[in-house]
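Fold and geometry: a report
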Amino acid sequence: MDRHSLKDCAAKIERSIVASFNSQLISRYHISTRNRTPIIRRFSTFKQDLIKVFFLSVLTLSGLLLVSCNGNNPLVLPTDTPLPPTPTAAPSATPTPAPSTLAGFDSFIQEIENLKPGERQEIVNPFMAQITQAPLTSDTRAVFLWRGAAHTVHVVGDMNNWNLVDASMLTRIEGTDLWYLISEYESDARLEYQVVIDNENWQLDPLNPNSMNSPTGPNSILSMPRYEIPPELLPISTAPQGTIDTHTLDSQSLNQTRTIFIYEPAGQLVGQKLPVVIFNNGSEYLNLINASMILDQLIAQRLVPPMVAVFVPAINAGQDYGLNDAYVKFLADELTPFVQENFDTSLTPESTAILGLADGARAAVHAAVSRPDVFGLVGSQSGTFTADDIAFIREISRLEAGSITTNPSLNYFIVGTYETAIVNDGLQANNLEANRQMAAVLEEAGFGIKLLERPEGHSWSFWQGTLGQILRQLLN
């Protein structure tokens, strides 16, 4: 029913009530025709008020009076009565953070500090039972945990250049066997370390399942939350495996017989000329870094083109990887021609790369700067460059016979920002600064150079994780 219909219906009811009231008044009090009008007027005010009260009551309490106005459609009148308020839900309890998170650890510390020392071990046991792996990490914070009896406990590794320092000492929670250390690192850092008990017992972190081999044994690995594992280290099981064959080469330059290992990719096309990559530190790349698996994965995932890789183990690293012209001659005039003659490889410097790590990287740069007619691509992982290397580059750049301006090599350097106090040949050196200086000198001499710095240390996990990146930069 619309507004106009409602108004008409109300007026009709009011007229009916008025007529009924007048009739009842005349009949009840026997009012004559002559006196009827004055009497009715006298009661007009009372009548109107009564009618209004009655009218509102009828409309509010019963819709039956309107049925006669509008068929069988009862009227539902609007009301100003407010709806009952919606009950407010009780606030939910804040969930307890998981113990394996930093928030959970912070909550645990707050709880245990409110207990007496004799009551704390009962809290430690169930808390540690829920810790499946440590260190605990979040953003830039890391919490190292260790349990046991000791006088001192340290975390020693890339983060402190493998030195026992006060800042790396764990704190024992009084009344318990739990030790902890809270540290800050870059959110994408990855660092190797060990736990040192009482300044002499070096061991892997028993709560950390991640480790990396090294010549002196495995080290635990801390990976911060934003560190991204390279795709070649997430192997696909269907990647075809290349082959590695052993060869010997009699070197007149070195007056030695050298053993080399040559990798050939799977599924090589006949007649396809492949790039060549020569690895100094050949044994370490194969046995510690697992370079053959990395090459299989890079090629299978189409991250690099198929290649022939030559792994050259050192006989005497100190001699081979110094400024050794005889070793450069062996690489350029004996090894490279042997590979090019016996394998389907390209003969151009632009397709011939040499790389190495630490001292092996020094030798790679030395070879490329000395013989840019053979080596056009250079990869350096944490090259341990010295003032002698920088002086050598500056001297070579002044020699017109070096052909540097006509055939410059492309150098790709990777160094860790935690390599600030490494020990090499018994001497401590800032390897990060040395790489920056070498890159600047090479650029000044006309060589192509790109330097990448990562929040890692002078470590095998760093070199394994960045090998694929170097090869992608050099070969694509």
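Worth saying up front: this structure is predicted, and the values here are computed from it rather than measured.

A word on the sheet that holds strand E5 (residues 178-184). Pairing is antiparallel in the open sheet, where four strands are placed in the order E1-E2-E5-E4. A strand with exactly one partner marks an edge of an open sheet, and here the two such strands are strand E1 (136-138) and strand E4 (171-172). When strand E2 (residues 141-147) meets E5, the two strands line up antiparallel, connected through seven bridges. Paired with Leu145 across the two strands is Tyr180, which belongs to E5. Helix-sheet contacts for helix H4 (residues 102-113) involve E1, E2 and E5, and the interaxial angle to E2 is about 60°. Across the sheet, helix H5 (residues 117-129) is in contact with E2 and E5; its angle to E2 comes to roughly 115°.

With that out of the way, let us pick up the pattern of salt bridges. This model, assessed by the stated rule, comprises 13 salt bridges. Between Arg454 and Asp188 there is a salt bridge whose closest N-O contact spans 3.1 Å. Within this pair, whereas Arg454 is found in strand E19 (residues 448-454), its partner Asp188 is found in the loop between E5 and strand E6 (190-197), the two being separated by 266 residues in sequence. Note on Asp188: relative accessible area 26%, which makes it partly exposed. Its salt-bridge partner being Glu232, residue Arg472 comes within 3.0 Å of it at the nearest N-O pair. Remark: Glu232 occurs in the loop between strand E9 (219-223) and strand E10 (243-251) and Arg472 occurs in helix H13 (residues 460-475); sequence separation between them is 240 residues.

Ranked by internal contacts, the top residues of the largest apolar core, which has 41 residues, are Ile278, Val310, Leu331, Leu335, Val339, Phe375 and Ile393. Of all the secondary-structure elements, those providing two or more residues to this core are strand E11 (256-264), strand E12 (276-279), strand E13 (308-311), helix H9 (325-342), helix H10 (359-370), helix H11 (387-397) and helix H12 (431-444). Counting residues per element, this core draws most heavily on H9, which supplies eight residues. Apart from the residues lying within four places of it in its own chain, the contact partners of Val339 are Ile262, Val276, Val308, Val310 and Thr345. Counting residues in each nonpolar core, the second largest holds 34 residues, with Tyr263, Ala353, Ile414 and Leu467 among its members.

Moving on to the side chain of Glu334. Looking at where Glu334 falls in the secondary structure, it is placed in helix H9. Among buried Asp, Glu, Lys and Arg side chains, Glu334 stands out as unpaired, with Lys329 the closest opposite charge at 6.8 Å. Side chain to side chain, Glu334 and Ser251 meet in a polar contact 2.7 Å long.

With an omega dihedral of 5°, the bond running from Ala134 to Pro135 counts as a cis peptide bond. Relative to the helices and strands, Pro135 resides in the loop between H5 and E1. Of note in the backbone geometry, Asn161 takes a positive phi value of approximately 55° without being a glycine. You can see Asn161 is positioned in the loop between strand E3 (153-157) and E4. The backbone phi angle of Ser382 is positive, close to 55°, even though this residue is not glycine. Within the secondary structure layout, Ser382 lies in the loop between strand E15 (377-381) and H11. Residue Ser382 is classed as buried on the basis of its relative accessible area, which comes to 0%.

Turning next to the sheet that holds E12. Overall, mixed pairing links the eight strands, which are arranged E10-E11-E13-E12-E14-E15-E16-E19 in an open sheet. Because the sheet does not close on itself, it has two edges, and the strands there are E10 and E19. Averaged over all pairs of adjacent strands, the angle between strand axes in this sheet comes to 20°, irrespective of strand direction. Bridge count between E12 and E13: four bridges; the pairing is parallel. Looking across to E13, one finds that Ile278 is bridged to Val310. Strand contacts of H10: strand E14 (352-357), E15 and strand E16 (410-416), with the helix running at about 150° to E14, the strand carrying the most contacts.

It is worth spelling out the packing of H10 against H11 at this point. Look at H10 against H11: their axes get within 11 Å of each other, and the N-to-C directions meet at 10°. Of the possible angle classes, the one that applies to H10 and H11 is roughly parallel. Residues Arg362, Val365, His366, Val369 and Ser370 of H10 pack against Asp389, Phe392, Ile393 and Ile396 of H11. Here the contact of H10 with H11 is composed, by residue class, of five nonpolar, two polar and two charged.

This part covers the pairing of E15. Within E15, five of the five residues are buried, which leaves it mostly tucked inside the rest of the structure. Judged by which residues are buried, E15 turns out to be covered on both faces: Leu377, Gly379 and Gln381 on one side and Val378 and Ser380 on the other are all buried. Two elements, E14 and E15, share five bridges in a ladder whose sense is parallel. Each residue of the ladder has a partner; that of Ile354, found in E15, is Val378. In this region the chain leaves E14, passes through H10 and returns to the parallel neighbour E15; the handedness of that crossover is right-handed. Where E15 lies against E16, five bridges are found, and the strand directions are parallel. Paired with Leu377 across the bridge in E16 is Leu410.

Before going further, it helps to spend a moment on the packing of aromatic side chains. Tallied over the entire structure, the rule returns 11 aromatic pairs. Between Phe108 and Phe127, the ring centres sit 3.9 Å apart and the planes meet at 10°, which makes this aromatic pair stacked. Taken together, the residues Phe108 in helix H4 and Phe127 in helix H5 connect sequence positions 19 residues apart. Both residues of the pair, Phe108 and Phe127, count as buried. Between Phe279 and Phe311 the ring centres are 4.5 Å apart and the planes differ by 20°, which places this aromatic pair in the stacked class. Taken as a pair, Phe279 in strand E12 and Phe311 in strand E13 lie far apart in primary sequence, 32 residues in all. Here the two residues Phe279 and Phe311 agree in accessibility, since each one is buried.

Each value, and the rule that gives it
- Residues numbered from 1 in each chain as written.
- Predicted model: local features only at pLDDT ≥ 70, side-chain atom pairs only at ≥ 80, totals over all residues.
- Heavy atoms only, no water.
- Pairing = 2+ DSSP bridges.
- Helix = DSSP H or I, 4+ residues; strand = E, 2+ residues; numbered from the N terminus.
- Contact = heavy atoms within 4.5 Å.
- Axes fitted to C-alpha atoms, helices over the stretch in contact; angles between N-to-C directions.
- Salt bridge = Lys/Arg side-chain N within 4 Å of Asp/Glu carboxyl O.
- Buried < 20%, exposed > 50% of the residue type's maximum accessible area, 1.4 Å probe, protein only.
- Core = buried A, V, L, I, M, F, W, Y, C linked by side-chain atoms within 4.5 Å.
- Lys, Arg positive; Asp, Glu negative; His and termini not counted.
- Polar contact = N/O pair within 3.5 Å; in protein donor to acceptor, adjacent residues only side chain to side chain.
- Parallel < 35°, antiparallel > 145°, perpendicular 65-115°, else oblique.
- Nonpolar A, V, L, I, M, F, W, Y, C, P; charged D, E, K, R; others polar.
- Right-handed = clockwise from strand over helix to strand, strands pointing away.
- Phe/Tyr/Trp six-rings, centres within 6.5 Å; stacked < 30°, edge-to-face > 60°.

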